[in-house]
Amino acid sequence: MRYEAIPASEIDEGLICAWETFQCRQPCFDSPFLSPWFTKIVASVRDDIFVTVLEDGGEIVGFFPHQRRNRRALPVAGRLNDCQAVIVSPGTIWSPIDLLSASKLDVWHFDHQIAAQEEFSLFTTRREQSPIIQLKNGFEDYVKQQKRARSGRIEQLRRKRRKLRRENGGDCNVRFEATSLDDRALREVIERKIKQCERTGHPVFFRERWAVELVERLLAQDQPGCVGALSVLSVGEEIAAAHFGIRSRHVWHWWFPTYSPKWSQYSPGQLLLLNLCEHVGDTTVQQHTIDLGRGDEPYKGHFANSAYPLIEGHVASKLPYKVVYSVKASMASWARKRPAFQHLRTLRRKIKRSPAVPLFLRRL
């Protein structure tokens, strides 16, 4: 096996074609984050994005997109990346350690790696689930599934939607757009997300200019493998809720949802997701899955009817790093099994989400 690391900006049409072929052959690579176009667009706003090309017998068999920080590899776009993998041809035999060594990397950190790639099983420190909404058989079939699961959330939201329309000028005044090009709505998504991150103590990624340019370029993208999707729920001239996500040929990824507190009595964010479910459940739409992304937010549990496993961990190619990270992983694994650790995690979550707690304490 031969490995060659090149800047992502140098990926040509031939490599893109091979990459997309590997994606089409394996459903586990359907995520828009795994598209060559996502890597290319991130590379257009950052200069530290690389791709290691895997070649066997003179034939290209895989791609490893990554963000390089000295000799450490991170996911492309860092914290913003919700799905990671080494995109390879079916049946390819390869080694993560050899891949890193040949790429002149010491460590690869992953936190949303698809668990279907068994090559990473030895390097896993944590397993999570990414909830999804599967709408292959249409929206009404999905509603029946939710009823059988004794989830009444969809009906509750339908009642709230009728109430919103009744109290605010009817259907003509309450509008939903699955794919909008409204610059004002995009600005509102960014501004509301900044305020939300400041309120909850999370890193404010939209303070970085490259992150803003990334969503702008994704929205202008027209490649089916990865394109930005701005969805808007408006009441009159006001935007009650908006969401910026990305979609591939088969998956719509839920990424940056926002809503206006003014309309909170109607649960506008969840109403927008309900409308998006109806849109994706339409048989004329190519995407049939909404990936809600890893997380324990209650609304994800209300909507999801399936999930797929993700893993978190690291691969180290040199002995000192192997020792350090193995000890760190063992300590983390031991701590997670202690009841006190679970209580601390619950307390941390409550503190970070409470507006009553001063901002500096939430960040601490």
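Brief notes about the overall build of the protein chain
So, step 1. Across its full length, the protein chain holds 12 helices and 13 strands.
So, step 2. Burial analysis of the protein chain (364 residues in total) assigns 51% to the buried set.
So, step 3. For the protein chain, the accessible area works out to roughly 17,900 Å², and carbon and sulfur atoms hold 51% of it.

Observations concerning the packing of aromatic side chains
So, step 1. Throughout the structure, instances matching the rule amount to 16 aromatic pairs.
So, step 2. We note Arg 46 situated over the ring of Trp 210; from NZ or CZ to the ring centre the distance is 4.7 Å.
So, step 3. The cationic tip of Arg 247 hangs over the ring face of Trp 252; the distance from NZ or CZ to the ring centre is 5.2 Å.

Focus: the pairing of strand E6 (residues 107-114)
So, step 1. Judged by how many residues are buried, E6 sits mostly within the fold: seven of eight residues are covered.
So, step 2. The sheet contact formed by strand E4 (residues 72-74) and E6 spans two bridges and is parallel. Paired with Ala 73 across the strands is Trp 108, a residue of E6.
So, step 3. Sheet topology note: the E6/strand E13 (residues 306-316) ladder contains six bridges and is antiparallel. Paired with His 109 across the strands is His 314, a residue of E13.

With respect to helix H8 (residues 268-280)
So, step 1. Relative to the 18 Å expected for 13 residues at 1.5 Å per residue, H8 spans 18 Å between its end C-alpha atoms, a close match to the ideal helical length.
So, step 2. Among the 13 residues in H8, 10 count as buried, and that is most of the element.
So, step 3. Within the span of H8, buried status applies to Pro 268, Gln 270, Leu 271, Leu 272, Leu 273, Leu 274, Asn 275, Leu 276, Cys 277 and Val 280.

Thoughts on the pattern of salt bridges
So, step 1. Throughout the structure, instances matching the rule amount to 19 salt bridges.
So, step 2. Linking Glu 188 and Arg 184 is a salt bridge whose minimum nitrogen-to-oxygen distance equals 3.7 Å. Here Glu 188 pairs with Arg 184, and both are found in helix H6 (residues 183-200), just four residues apart, close to one helical turn.
So, step 3. Connected through salt bridges with shared partners, the residues Arg 187, Arg 209, Glu 213, Glu 216 and Arg 217 form a single ionic network.

Section: the packing of helix H2 (residues 36-45) against helix H7 (residues 209-220)
So, step 1. For the pair H2 and H7, interaxial distance at closest approach is 9 Å and the crossing angle is 135°. Here H2 lies oblique to H7, going by the angle between them. In this structure, H2 meets H7 at a crossing whose hand is right-handed. Contact residues: Phe 38, Ile 41, Val 42, Ser 44 and Val 45 in H2; Trp 210, Glu 213, Leu 214, Arg 217 and Leu 218 in H7.
So, step 2. Looking at the contact of H2 with H7, its residues break down into seven nonpolar, one polar and two charged.

A word on unusual backbone geometry
So, step 1. With a phi close to 60°, Lys 104 is a non-glycine residue in the positive phi region.
So, step 2. Topologically, Lys 104 is positioned in the loop between helix H3 (96-102) and E6.
So, step 3. Positive phi, normally seen in glycine, also occurs at Ser 267, with a value near 50°.
So, step 4. Looking at the element boundaries, Ser 267 is found in the loop between strand E11 (251-259) and H8.
So, step 5. According to the relative accessible area criterion, Ser 267 is buried, its value standing at 13%.

Conventions we followed
- Residues numbered from 1 in each chain as written.
- Predicted model: local features only at pLDDT ≥ 70, side-chain atom pairs only at ≥ 80, totals over all residues.
- Heavy atoms only, no water.
- Helix = DSSP H or I, 4+ residues; strand = E, 2+ residues; numbered from the N terminus.
- Buried < 20%, exposed > 50% of the residue type's maximum accessible area, 1.4 Å probe, protein only.
- Areas by Shrake-Rupley, 256 points an atom, 1.4 Å probe, with all protein chains shown as cover.
- Phe/Tyr/Trp six-rings, centres within 6.5 Å; stacked < 30°, edge-to-face > 60°.
- Lys NZ or Arg CZ within 6 Å of the ring centre and 35° of its normal.
- Pairing = 2+ DSSP bridges.
- Expected span 1.5 Å × (residues − 1).
- Salt bridge = Lys/Arg side-chain N within 4 Å of Asp/Glu carboxyl O.
- Axes fitted to C-alpha atoms, helices over the stretch in contact; angles between N-to-C directions.
- Parallel < 35°, antiparallel > 145°, perpendicular 65-115°, else oblique.
- Left-handed = near helix turned anticlockwise from the far one by under 90°.
- Contact = heavy atoms within 4.5 Å.
- Nonpolar A, V, L, I, M, F, W, Y, C, P; charged D, E, K, R; others polar.

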